[in-house]
Amino acid sequence: MQLTAPAARRTGIRDTDGMAVASFVLGLLGLLVLNVFLGPIAIVLASVALWRGTARRGRALLGLGLGVADLLVLAAFMSADNTMSWSL
């Protein structure tokens, strides 16, 4: 009797769900601060969560979109200021 296999499967799904939520939160936070770091992290976490088949697919897609938006916001402000940082 293998009782550990279903527990490992649930843990893996829970990990991917956590990655999806983390990518969403980091992508949202990245719009405000540290978008040069948080944007790529959100993109990677969302991609891994989607690749592993998360149950929170919508949240992972939002995290992916927000991560890309972080980098686009950074690029827009960098081109406007000609600097690596921006301020409000």
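Residues numbered from 1 in each chain as written. Predicted model: local features only at pLDDT ≥ 70, side-chain atom pairs only at ≥ 80, totals over all residues. Heavy atoms only, no water.

1. Remarks on the overall build of the protein
If you tally the helices and strands in the protein, you get three helices and zero strands. Of the regular secondary structure in the protein, the N- to C-terminal order runs α-α-α. Here the protein holds 88 residues, and 23% of them are scored as buried. A separation threshold of at least 6 residues defines the contact pool for the protein, and within that pool the share at least 24 residues apart is 65%. (Helix = DSSP H or I, 4+ residues; strand = E, 2+ residues; numbered from the N terminus. Buried < 20%, exposed > 50% of the residue type's maximum accessible area, 1.4 Å probe, protein only. Contact = heavy atoms within 4.5 Å.)

2. Quick word on the side chain of Thr54
Its location among the elements puts Thr54 in the loop between helix H2 (35-52) and helix H3 (57-81). What makes Thr54 buried here is its relative accessible area of 11%. Within the local environment of Thr54, its side chain forms a polar contact with the backbone nitrogen of Arg56, the two atoms lying 3.1 Å apart. Not counting the four nearest positions on each side in its chain, Thr54 is found in contact with Thr16, Asp17, Ala20, Ala49 and Ala60. (Polar contact = N/O pair within 3.5 Å; in protein donor to acceptor, adjacent residues only side chain to side chain.)

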